[in-house]
Amino acid sequence: MKSFVFVCLTLFCSQVFAVPVGELYRSQVAIKSQTDTAREAALKAAMAQTLVRVTGSSEAASAPELAELLNDPSPYVLSYRYEQGDDGLELYAAFDQHLLDQAIWQHGYGVWGAERPTTLLWVAIQDANGQRDMVSDASRPLLAKAAVDEGKQRGLPVVLPLWDLDDKVKLDVLDVWGRFDEPVSDASNRYKAAQFVMARLTPNGQGYAADWQLSGAISLSGQVTGDSPEAAMRALVDDLTDQLAANLAVKGNLSAQRNEITLLGVGRAEDYLKALDELKKLPVVADAEVTDVKAGAVTFSLQLRGDQTQLSQALTLSRHFEAGPDGQYHFVNR
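Residues numbered from 1 in each chain as written. Predicted model: local features only at pLDDT ≥ 70, side-chain atom pairs only at ≥ 80, totals over all residues. Heavy atoms only, no water.

Engineer: Would you take a moment to explain the layout of surface pockets for this structure?
Structural biologist: Over the atoms a probe the size of a water molecule is rolled, and this reveals where empty space is left. Counted as a void, the largest pocket has a volume near 760 Å³. What lines the largest pocket is a set of 36 residues, among which Gly113, Ala114, Lys281, Leu282 and Pro283 lie closest to the centre. Contributing elements (two or more residues each) for the lining of the largest pocket: helix 3 (97–106), helix 9 (269–281), strand 14 (285–294) and helix 10 (308–317). When residues in the lining of the largest pocket are grouped by element, the largest group, five residues, is from helix 3. (1 Å grid on protein atoms, 1.4 Å probe; cavity = no way out; pocket = protein on both sides within 12 Å on 5 of 7 lines; lining within 4 Å. Points joined across faces, edges and corners; volume = space filled by probe spheres on them. Helix = DSSP H or I, 4+ residues; strand = E, 2+ residues; numbered from the N terminus.)

Encoded structure:
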């Protein structure tokens, strides 16, 4: 049995964390009528949406490995209902989380848990005349909405800066354009995001191109295009989400041996029961048991669906576990 201590991986350490993303296993789709044929087609579309959010992969909606789930979603449907929306009739479907997770793992895909990192987008846009501006709700509302809406669709919490006087005192558009990490990191502190993106959005003759760089627990980058600024922004969020999921989604392969970890700050019975419950909620943890209880500390034996790095990432991003200056994790009963 392995025993180890985790160190803080994120740039912002214990001051920030991921947030629980709701509605991962619920989808709404347009439907023309309430006939059996229309409902079956709508449930397939709802399953495709749900698989993309749960796995974090845009390819899940058409992956051959998941064809069985896409072609017959009925075994995983908990409930559905019809509602009249602004644009017509809609079907709302809820899927069974446990059954769907197991099926996704059985078909070789990963599951990205509900605790996902809030991502702050610093996006500098340049127009055809070479003028640059920061994307925010105030300056570029359509672009800001495109980013936030796509984040909701993909299950990634996305925020944009206010770009108010407080931001402008600390930061210039050129800092984002030039990828100067230190001033952007300093300006990001007020937003308590787990990670931030610096991106450039530029016209490319046929539309817009976006190149981006992520700073946080994981360093990532990418380049995308779109036929409009809004399309390029949505493509940026899609690319970011796909890459994050490739690193953070957990596959169902069980580790060969159990691992022991010790959490500090667990002083009461209700605390260690809560800590045990929160550990079990992490997709990387297949099973957790209390093996030792001492004053202010509890040791757990874990069966993992992954490796120590994935567990450390999950703990670092969770709002229930904080890395202390000694490198050990403390439980926080929020």
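Engineer: Explanation requested: the sheet that holds strand 4 (residues 77–85) in the structure shown.
Structural biologist: Think of a sheet as strands paired side by side through backbone hydrogen bonds, with each pair either parallel or antiparallel. The strand order across the open sheet built from three strands is 3-5-4, with neighbouring strands paired in antiparallel fashion. The open sheet has two free edges, formed respectively by strand 3 (26–30) and strand 4, since each of these has just one partner strand. Neighbouring strand axes in the sheet, compared pairwise and without regard to direction, differ in orientation by 20 degrees on average. As paired elements, strand 4 and strand 5 (residues 88–95) share eight bridges and run antiparallel to each other. Along strand 5, the bridge assignment pairs Val77 with Phe95. Of the strands in this sheet, strand 3, strand 4 and strand 5 are in contact with helix 1 (residues 36–55), which crosses strand 3 at around 135 degrees. (Pairing = 2+ DSSP bridges. Axes fitted to C-alpha atoms, helices over the stretch in contact; angles between N-to-C directions. Contact = heavy atoms within 4.5 Å.)

Engineer: Please explain the pairing of strand 12 (residues 220–226) as it appears in this structure.
Structural biologist: Sheet faces and side chains relate simply in a regular strand, where the side chains alternate between the two faces. Going residue by residue along strand 12, you find Leu220, Gly222, Val224 and Gly226 tucked away on one face and Ser221, Gln223 and Thr225 left uncovered on the opposite face. Of the pairings in the sheet, the one linking strand 11 (residues 208–215) to strand 12 comprises seven bridges and is antiparallel in character. Its bridge partner lying in strand 12, Gln213 is registered against Ser221. Connecting strand 11 to the next strand, strand 12, in antiparallel fashion are four residues. (Buried < 20%, exposed > 50% of the residue type's maximum accessible area, 1.4 Å probe, protein only.)

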